[in-house]
Amino acid sequence: SAVISQKPSRDICQRGTSLTIQCQVDSQVTMMFWYRQQPGQSLTLIATANQGSEATYESGFVIDKFPISRPNLTFSTLTVSNMSPEDSSIYLCSVEGRARTEAFFGQGTRLTVV
Amino acid sequence: GQQLNQSPQSMFIQEGEDVSMNCTSSSIFNTWLWYKQDPGEGPVLLIALYKAGELTSNGRLTAQFGITRKDSFLNISASIPSDVGIYFCAGQEHNAGKSTFGDGTTLTVKP
């Protein structure tokens with residue numbers, strides 16, 4: 001499986017500010033995804049990060065709030081913009097496996113907004 | 001969107017006991033995945049299932065892809081303390097890696 005590194009691993013941020021989360025993979029992958037896991041909850045897909053084009057967002061998530069970059073096949077960023085306490089969650093980067101029917105996750109970024 | 005119903009929500013068992021948890025969906029999935037998440041970590045893939053009726057083992061873990069493609073179960077035999085964590089099922093409809101997750105089963109193992 002790919003090795004996925006996320007930065008930062010955790011952060012405490014003031015409301016109204018923005019945080020950019022980085023996801024680095026040790027091999028080229030076609031598909032990269034961003035998930036949110038609210039406290040005590042399951043994982044919800046935010047968007048698919050497309051290389052060279054705009055991300056594809058799921059219902060309930062918009063680009064203005066969660067802008068995503070995907071400059072190449074090993075790297076992506078997710079920005080949480082104009083944060084509020086409701087944005088306090090774990091944000092997880094995910095990539096496809098070699099079989100293209102698996103998905104592997106980074107260790108997550110634990111965000112607390114105060 | 002699609003929803004997965006995962007049960008039970010939580011389990012408290014004695015070390016050495018067997019565990020069973022399952023997921024059901026109103027929609028068909030082409031792939032079922034089972035993950036374990038430890039505190040402060042991302043989910044770790046345990047088993048991937050690709051064909052209806054498929055039964056796959058990974059050590060003490062066994063999972064099956066339901067014949068109708070709308071359900072899956074995970075069994076853990078002879079549980080040990082390190083099995084503690086949250087187990088998630090996930091289904092993939094078409095796109096590789098784009099998964100719908102169940103709500104999770106929190107497993108506690110008493111020594």
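Bear in mind the structure is a predicted one, so any value in this text is a computation, not a measurement.

(A) Representation of the nonpolar core. Counting 43 residues, the largest nonpolar core has A:W34 and B:Y35 as the members making the most contacts within it. If we ignore the near neighbours within four places in the chain, the residues touching B:Y35 are A:A103, A:F105, B:P43, B:V44, B:L45, B:L46, B:I86, B:Y87, B:F88, B:A90 and B:F101.

(B) Spotlight on the layout of surface pockets. Each pocket or cavity is described by its volume, and for the second largest pocket that value is around 460 Å³. Around the second largest pocket, the lining is made up of 25 residues, and of these A:Q37, A:P39, A:G40, A:Q41 and B:I86 lie nearest the centre. Going through the elements one at a time, β9 (89-96) and β11 (109-113) of chain A together with β9 (85-92) of chain B are the ones with two or more residues in the lining of the second largest pocket. For the lining of the second largest pocket, the class distribution of residues is seven nonpolar, 14 polar and four charged.

(C) Representation of the side chain of A:E96. Relative to the assigned elements, A:E96 resides in strand β9. A polar contact is formed between the side chain of A:E96 and the backbone nitrogen of A:T30, at a distance of 2.9 Å.

(D) Molecular detail of the interface of chain B and chain A. The partner chain A presents 21 residues to the 20 residues of chain B that form the contact. Interface area for chain B against chain A, summed over the two sides, is near 1,600 Å², with a carbon-plus-sulfur share of 55%. On the surface where chain B and chain A come into contact, there are one salt bridge. Measuring nitrogen to oxygen at the nearest pair gives 3.2 Å for the salt bridge that ties A:E58 to B:K98. Inspection of the chain B/chain A interface yields six residue pairs in polar contact (both at pLDDT 80 or more). Counting only elements with at least two residues in the side of chain B that touches chain A, the list comes to β4 (31-37), β5 (44-49), β9 and β10 (99-101) of chain B. Of all the elements, β4(B) adds the most residues to the side of chain B that touches chain A, at four residues. The residue inventory of the side of chain B that touches chain A, partitioned by class, reads nine nonpolar, eight polar and three charged.

(E) The environment of B:G91, seen in detail. Along the chain, B:G91 falls in strand β9. For the pair B:G91 and B:L4, spaced 87 residues apart in sequence, the C-alpha separation works out to 8.0 Å.

(F) View of the state of the cysteines. Within the structure shown, the criterion is met by two disulfides over all chains. Covalent S-S linkage joins B:C23 and B:C89, the inter-sulfur distance amounting to 1.7 Å. Every disulfide takes its handedness from the sign of the S-S torsion; for B:C23 and B:C89 that torsion is -85°, giving left-handed. Placement of B:C23 in strand β3 (residues 19-25) and of B:C89 in strand β9 is noted, with a sequence separation of 66 residues between them. Sulfur of A:C13: no disulfide; nearest cysteine sulfur belongs to A:C23 and is 18 Å away. The class for A:C13 is buried, based on a relative accessible area of 7%.

(G) Highlighting the pairing of β9(A). Residues and elements named next belong to chain A. Across the eight residues that make up β9, a large majority, eight, are buried. Where strand β4 (residues 32-37) and β9 come together, six bridges link them in antiparallel fashion. Within β9, the position partnered with R36 by the bridge is Y91. In this sheet, strand β10 (residues 103-105) lies alongside β9 in antiparallel orientation, the contact comprising three bridges. From the neighbouring strand, E96 faces β10, where its bridge partner is A103.

(H) Up close: the environment of A:T77. Residues and elements named next belong to chain A. Its place among the elements puts T77 in strand β8 (residues 75-80). Judged by relative accessible area, which is 11%, T77 ranks as buried. For the pair T77 and T44, spaced 33 residues apart in sequence, the C-alpha separation works out to 17 Å. Within the structure, the side chain of T77 is placed 2.6 Å from the side chain of S69, a separation counted as a polar contact.

(I) View of unusual backbone geometry. In this structure, the amide linkage connecting A:K7 to the following residue, A:P8, adopts the cis form with an omega of -10°. Locating A:P8 in the fold gives a position in the loop between β1 (4-7) and β2 (10-13). For the peptide bond that leads from B:S7 to B:P8, omega is -5°, which places it in the cis range. With respect to the secondary-structure elements, B:P8 resides in the loop between β1 (4-7) and β2 (10-14). Phi angles above zero are rare outside glycine, and A:N82 is one such case at about 45°. In this structure, A:N82 sits in the loop between β8 and β9. Judged by relative accessible area, which is 55%, A:N82 ranks as exposed. Positive phi, normally seen in glycine, also occurs at B:R69, with a value near 65°. Of note, B:R69 is situated in the loop between β7 (61-65) and β8 (71-76).

Conventions and cut-offs
Residues numbered from 1 in each chain as written. Chains lettered and ligands numbered in written order. Predicted model: local features only at pLDDT ≥ 70, side-chain atom pairs only at ≥ 80, totals over all residues. Heavy atoms only, no water. Core = buried A, V, L, I, M, F, W, Y, C linked by side-chain atoms within 4.5 Å. Buried < 20%, exposed > 50% of the residue type's maximum accessible area, 1.4 Å probe, protein only. Contact = heavy atoms within 4.5 Å. 1 Å grid on protein atoms, 1.4 Å probe; cavity = no way out; pocket = protein on both sides within 12 Å on 5 of 7 lines; lining within 4 Å. Points joined across faces, edges and corners; volume = space filled by probe spheres on them. Helix = DSSP H or I, 4+ residues; strand = E, 2+ residues; numbered from the N terminus. Nonpolar A, V, L, I, M, F, W, Y, C, P; charged D, E, K, R; others polar. Polar contact = N/O pair within 3.5 Å; in protein donor to acceptor, adjacent residues only side chain to side chain. Buried area = accessible area lost by both parts, 1.4 Å probe. Salt bridge = Lys/Arg side-chain N within 4 Å of Asp/Glu carboxyl O. Disulfide = S-S within 2.5 Å. Pairing = 2+ DSSP bridges.

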